[in-house]
Amino acid sequence: TQSTGSSGINAEYGVMGLFVFILYTAYGLSAFPLNFIKARGSAAKELEKLNCNRIVRDEEERLLISKYADGRPMIPADRRRMEKLRGDKHRYNELERLLDSERQSCWTKIQIFLRPFSIVLGIVLLLLSIAFMSSLGVTLADKFVYSNFTMGYFLSATHYHYNPMNFILSEAQHIFPIDYVLITLLVFYVAACTVNGIRRIGIWFFWVKVFEVVPHRTMPQGLLILSGLFSCAMVALNQVVLVALPTYATYGSQHYRNGTGNVTVVPCDNHAPPGECQLTQFASIIARFTLHANFYGAIVTYLITAFVAVYLVGLVVAVFRRKRNILEKVIGTQAADEDDPLLNI
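Computed from a prediction, not measured in an experiment: that's the story for all the values here.

## Points about the nonpolar core
- In this structure, F21, L29, F132, M133, L136, L245 and F307 are the most contacted members of the largest nonpolar core, which totals 55 residues.
- Only α1 (2–37), α4 (106–146), α5 (164–172), α6 (178–201), α7 (220–244), α8 (246–251), α9 (281–292) and α10 (294–320) provide two or more residues apiece to this core.
- For this core, the leading source of residues is α1, giving twelve residues.
- Apart from the residues within four sequence positions on either side, L29 is in contact with S129, F132, M133, Y189, C193, F307 and Y311.

## Regarding α7
- Compared with the 36 Å implied by 1.5 Å per residue over 25 residues, the 35 Å span of α7 between its first and last C-alpha is a close match.
- A236 marks where α7 bends most, by close to 25°.
- Buried within α7 are the following residues: G222, L226, C232, A233, A236, L237, Q239, V240, V241, L242, V243 and A244.

## Here's the deal with the packing of α7 against α10
- Remark: α7 packs on α10, axes separated minimally by 11 Å, with the N-to-C direction vectors making an angle of 85°. In terms of their interaxial angle, α7 and α10 are classed as roughly perpendicular. Of α10, the residues touching α7 (which contributes Q239, V240 and V243) are Y296, V300, I304 and F307.

## Quick notes on the packing of aromatic side chains
- Under the counting rule described, the total for this entry stands at four aromatic pairs.
- For the ring pair F32 and F36, a centre distance of 5.3 Å and an interplane angle of 85° mean the geometry is edge-to-face. Here the residue F32 and the residue F36 both occupy positions in helix α1, the gap between them amounting to four residues, near one helical turn.
- What makes F32 buried here is its relative accessible area of 17%.
- The class for F36 is partly exposed, based on a relative accessible area of 22%.
- Here the aromatic residues F32, F36 and Y189 are joined through ring pairs into a cluster of three or more.

## What to know about the confidence of the model for the protein
- In this model, the protein carries an average pLDDT of 77, and 83% of its residues clear a pLDDT of 70 or more.
- A low-confidence stretch, residues 333–345 (pLDDT under 50), is modelled with 22 contacts involving residues beyond four sequence positions or located in other chains.

## Things to note about the environment of S253
- Its place among the elements puts S253 in the loop between α8 and β3 (255–258).
- S253 sits in the partly exposed class, given a relative accessible area of 36%.
- Between the C-alpha atoms of S253 and Q173, which are 80 residues apart in sequence, the distance is 6.2 Å.
- With near-sequence residues (within four places) excluded, S253 lies in contact with Q173, D179 and Y180.

## A word on the packing of α6 against α7
- With their axes 11 Å apart at the nearest point, α6 and α7 run at an angle of 140° to one another. By the angle between their axes, α6 is oblique relative to α7. As α6 runs across α7, the sense of the crossing is right-handed. Of the residues in α7, those in contact with I183, V187, V190, A191, T194, V195 and I198 of α6 are L226, L229, F230, A233, M234, L237 and V241.
- Class assignment of the residues belonging to the contact of α6 with α7 gives a composition of 13 nonpolar, one polar and no charged.

## So, a nonpolar patch on the surface
- A contiguous nonpolar surface patch, about 750 Å² in accessible area, is contributed by Y162, F167, I168, I175, I178, V181, L182 and L185.
- For the nonpolar patch, the leading source of residues is α6, giving four residues.

Cut-offs used in this document
- Residues numbered from 1 in each chain as written.
- Predicted model: local features only at pLDDT ≥ 70, side-chain atom pairs only at ≥ 80, totals over all residues.
- Heavy atoms only, no water.
- Core = buried A, V, L, I, M, F, W, Y, C linked by side-chain atoms within 4.5 Å.
- Buried < 20%, exposed > 50% of the residue type's maximum accessible area, 1.4 Å probe, protein only.
- Helix = DSSP H or I, 4+ residues; strand = E, 2+ residues; numbered from the N terminus.
- Contact = heavy atoms within 4.5 Å.
- Expected span 1.5 Å × (residues − 1).
- Bend = angle between axes of the 7 residues up to and from the residue.
- Axes fitted to C-alpha atoms, helices over the stretch in contact; angles between N-to-C directions.
- Parallel < 35°, antiparallel > 145°, perpendicular 65-115°, else oblique.
- Phe/Tyr/Trp six-rings, centres within 6.5 Å; stacked < 30°, edge-to-face > 60°.
- pLDDT = per-residue confidence, 0-100.
- Left-handed = near helix turned anticlockwise from the far one by under 90°.
- Nonpolar A, V, L, I, M, F, W, Y, C, P; charged D, E, K, R; others polar.
- Patch = residues over 30% accessible without salt bridge, like charges linked within 9 Å, V, L, I, M, F, W, Y side chains within 5 Å.
- Areas by Shrake-Rupley, 256 points an atom, 1.4 Å probe, with all protein chains shown as cover.
- Salt bridge = Lys/Arg side-chain N within 4 Å of Asp/Glu carboxyl O.

Right under this line is the structure:
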């Protein structure tokens, strides 16, 4: 039927999007907040280091010139070395210009005053990432304990243990519209981490790096592929949120009357009487498709488990990895442009 076909298309895009989550979002969720915490390099110190390197190269060039001051022709090795030194001189001049422009820019001076706020923001975002991944881990553990492959790891009863994100959003429903604001911020944060992960890692075809994502310098084909990856990731985000926030994403802010004597109004969950609560649209699609194709629920569960595992590895790498200094960023930006004269060394 048309409904089944639509569910299948959403499922296929969701699976492709989960691979994007594993490859890019997992690392982005760890590296993006740490980027705000780690210290930023000093353009003045890097400019001084660049000048020292250029002095060494100039001295080497002077020695080569003095070696052949009597007019003898240079041997091929020295001639190649001289050409490389002269090419490096042009390269160093360009890098010095870019570093000096970076040092005198208004944004660099503003960042010095915003440094304390940047650290606080990074800590908050890091805690948000940890809470989000912890929520995924708790639900995945419940799926593996209380369900199995033949059921598509679908939980038909309320077996969820304490889930921090699910608890916060469920409690935030009592004060409108805090829960809507929080879920919107969470979606935007995961989307930003996905783009950040693609920008840091680049677009690869197996072991070949096809495109590098650099502001104002990314090739049109790279932007097209980035848009496709991002679209698939946003479809998969629905499935990830459904696992991270099982009760909230399944029933939203719905409530029902519990009991016949002392009636209380409680949030909807899997214990609600039939007809009292209605599944959200996406939860209904996923539940219907999982019940008809249990292998799909198992695949999604395994992929999200891999997503959590890659996040933990990426977090360790991001913590111990040195933040790129300004000179490395400048070189990386220039290298992304195939027509840039700095590549002709």
